[in-house]
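Fold and contact review
Given next are the chains, with one letter for each unit.
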Amino acid sequence: FLLFLFLFPGGMLVVVGGQEVGIIERKYLGRPLPEARVVAMRSEVGIQARVLQPGLHVLAPIIYTVAKQPMIEISEAEVGLVESIDGRPLEPGQIFARRVAGHDTFQDGEKFLQNGGQKGPQVDILSPGKYRINIYLFNVRTVPAVTVDQGEVGVVSARDGVPITAGRLLAHKVAGHQAFQDGEAFLSSDGQIGPQIEVILPGRYRINTDLFNVEVRPATIVEANQVGLVTAKDGAPLPPGELVAMGVSNHNDYQDASGFLASGGQRGPQYDLLKPGTYYINALMFDVKLDEVAVVQRGEVAVLVSNVGKEPEELAQEERLAGKERYVVPSGYRGIQSEVAGPGVYYLNRWAYIAYIIPTTNLTIDWAEEGTEGGTDASNMRMQLFNPLSVISRDGFEMRVSVKVVIRVRPDQAPLMVAKIGSIENLIDHVIHPMI
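Spatially, the 3 strands line up as an open sheet ordered β3-β2-β5, and their pairing is antiparallel. Of all the strands in the sheet, just β3 (46-52) and β5 (64-70) have a single pairing partner and so form its edges. Within the sheet, the average angular offset between the axes of one strand and its neighbour, ignoring direction, is 30°. Here 4 bridges tie strand β2 (residues 20-26) to β3, and the two strands are oriented antiparallel to one another.

Right, here's the structure in full:
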């Protein structure tokens, strides 16, 4: 201390600790602050933009005063959001100040101002660590990092950017923002304001939550013995007469909404469906409805009626001359399919196909008194549906006669039966019973 007084007579010794930052105020002998400025540069009177680093500093005791503040600390589970109290004004329509170089994560206030730093909320954030920041120039507040757990998905909306393209529901995809952790890259790549087409997968993210609002939602889970039927809320319009959108590729089970649109995906009910699994789908873009799988038991076939495909071709000239009529169509055409589905479990899109379950084992129909019908076995299904028939003999006596009919629909004839009659119930009520 005596050596210091000998070397710097009349000087003020300031000691800044290792976990401190020194805030300087110049009181005299300097230029006044320019209009609208709050923080001073070296030659100006007022609170200085620069700070004192740890160590020994010598200052004129009359001209300067120093206040010590603790360093700003951002924990591992937090991010620091920064607002500048001084700087150039924001451009018209601008909400967040753009990035400037050289300020060492807001620790060099002079460089920030000299390089054109803007006043207001900053697009850049502070990662976990300790920072020597001038609290009179920068206001720093901490918020929790965005955490998306397994089985969840983050849906994002931006509060700044260019307007969304006319006719679109969601903002287009832009590159380089690292899951919305680099707000400057998002804005400089013409990121759009509003709901985003990209989502955030499970993990921890350091996101400027003033710029991006993140809503954590459950992921889409399709359980075993279920299918997911998908409806797109954006895309090209469905062609006239179509009920289901055509299938497109490159959307990764609807988890890449941008790829869906780029491949020409159409809005409305989708042809492709989701099989059992977990899917990270943007709920702002796709709505998923869970449905049961289609099960065809032994002794049954499923006759499919397709709502998608090409329109049935015109009958050939010889078919029309012969009076033939087309009841069923081959695969790829709209209508009752000529091929049936045998026993098994099927992931069926019920918007695109209607399944009629037709039994193909022997079916016994009884016209008999209650309780008189026989048993059944594995290959024979018994149904007592009608009362015994009343007949009058030649000599005038009335008798009640029991009748039993055994029918069977062959699998290859099931589509034709559905086309002409509709169902087993219709076959019994409107064909077999009147005939008996």
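There is more to say, and it comes next.
This brings us to the pattern of salt bridges. One pass over the structure, following the stated rule, counts 18 salt bridges. Between Glu-44 and Arg-37 there is a salt bridge, and its shortest N-O distance comes to 3.0 Å. Relative accessible area serves as the criterion here: at 6%, Glu-44 is assigned to the buried category. Among the ionic pairs, Arg-400 bridges to Glu-369, the shortest N-O distance being 3.3 Å. Of the two residues, Arg-400 sits in strand β29 (residues 398-401) while Glu-369 sits in the loop between β26 (362-367) and β27 (380-386), which places them 31 residues apart along the sequence. What makes Glu-369 partly exposed here is its relative accessible area of 40%.

Attention now moves to the side chain of Asp-86. Assignment of secondary structure puts Asp-86 in the loop between β7 (78-84) and α2 (109-114). Judged by relative accessible area, which is 1%, Asp-86 ranks as buried. Within the local environment of Asp-86, its side chain forms a polar contact with the backbone nitrogen of Val-39, the two atoms lying 2.8 Å apart.

Let us now look at the sheet that holds strand β12 (residues 152-158). Spatial ordering of the open sheet is given by β13-β12-β15, a layout of 3 strands whose pairing is antiparallel. In this open sheet, the two strands that pair with only one neighbour each are β13 (194-200) and β15 (212-218). Within the sheet, the average angular offset between the axes of one strand and its neighbour, ignoring direction, is 30°. Across 4 bridges, β12 lies against β13 in antiparallel orientation. Bridge assignment links Gly-154 to a residue of β13, and that residue is Ile-200.

It is worth spelling out the side chain of His-57 at this point. Locating His-57 in the fold gives a position in strand β4 (residues 55-59). Within polar-contact distance, the side chain of His-57 engages the backbone oxygen of Gln-53 at 2.6 Å.

A cluster of nonpolar side chains, contributed by Leu-13, Val-15, Leu-56 and Val-58, occupies part of the molecular surface with about 330 Å² of accessible area. Counting only elements with at least two residues in the nonpolar patch, the list comes to β1 (12-16) and β4. Its place among the elements puts Val-15 in strand β1. Among the residues examined, Val-15 registers a relative accessible area of 41% and is labelled partly exposed.

Attention shifts here to the nonpolar core. The nonpolar side chains of a soluble globular protein tend to be buried, and buried together. Membership of the largest hydrophobic core comes to 19 residues, with the highest contact counts inside it found for Ile-358, Ile-365, Ile-407, Ile-424 and Ile-432. Those elements that place two or more of their residues in this core are β22 (300-306), β26, β30 (403-407), α6 (414-420) and α7 (424-435). Looking at this core element by element, the count peaks at 4 residues for α7. In contact with Ile-407, not counting residues within four places along its chain, are Thr-361, Asn-362, Leu-363, Ile-365, Leu-427 and Ile-432.

Attention now goes to the packing of aromatic side chains. Between two aromatic rings, the relevant description is the distance of the centres plus the angle of the planes. Counted under the stated rule, the structure contains 11 aromatic pairs. Put simply, the rings of Phe-106, Phe-112 and Phe-138 pair up and form one aromatic cluster.

This brings us to α7. Think of an α-helix as turning once every 3.6 residues; residues three or four places apart then point the same way. Relative to the 16 Å expected for 12 residues at 1.5 Å per residue, α7 spans 15 Å between its end C-alpha atoms, a close match to the ideal helical length. When α7 is considered as a whole, its buried residues turn out to be Ile-424, Leu-427, Ile-428 and Ile-432. Take α7 and look down its axis: the buried residues cluster within an arc of 90°, on one side only. Exposed residues on α7 whose side chains face more than 90 degrees from its buried face are Glu-425, His-430 and Pro-434.

Reading guide: rules and limits
Residues numbered from 1 in each chain as written. Predicted model: local features only at pLDDT ≥ 70, side-chain atom pairs only at ≥ 80, totals over all residues. Heavy atoms only, no water. Pairing = 2+ DSSP bridges. Helix = DSSP H or I, 4+ residues; strand = E, 2+ residues; numbered from the N terminus. Axes fitted to C-alpha atoms, helices over the stretch in contact; angles between N-to-C directions. Salt bridge = Lys/Arg side-chain N within 4 Å of Asp/Glu carboxyl O. Buried < 20%, exposed > 50% of the residue type's maximum accessible area, 1.4 Å probe, protein only. Polar contact = N/O pair within 3.5 Å; in protein donor to acceptor, adjacent residues only side chain to side chain. Patch = residues over 30% accessible without salt bridge, like charges linked within 9 Å, V, L, I, M, F, W, Y side chains within 5 Å. Areas by Shrake-Rupley, 256 points an atom, 1.4 Å probe, with all protein chains shown as cover. Core = buried A, V, L, I, M, F, W, Y, C linked by side-chain atoms within 4.5 Å. Contact = heavy atoms within 4.5 Å. Phe/Tyr/Trp six-rings, centres within 6.5 Å; stacked < 30°, edge-to-face > 60°. Expected span 1.5 Å × (residues − 1). Arc of directions from axis to C-beta.

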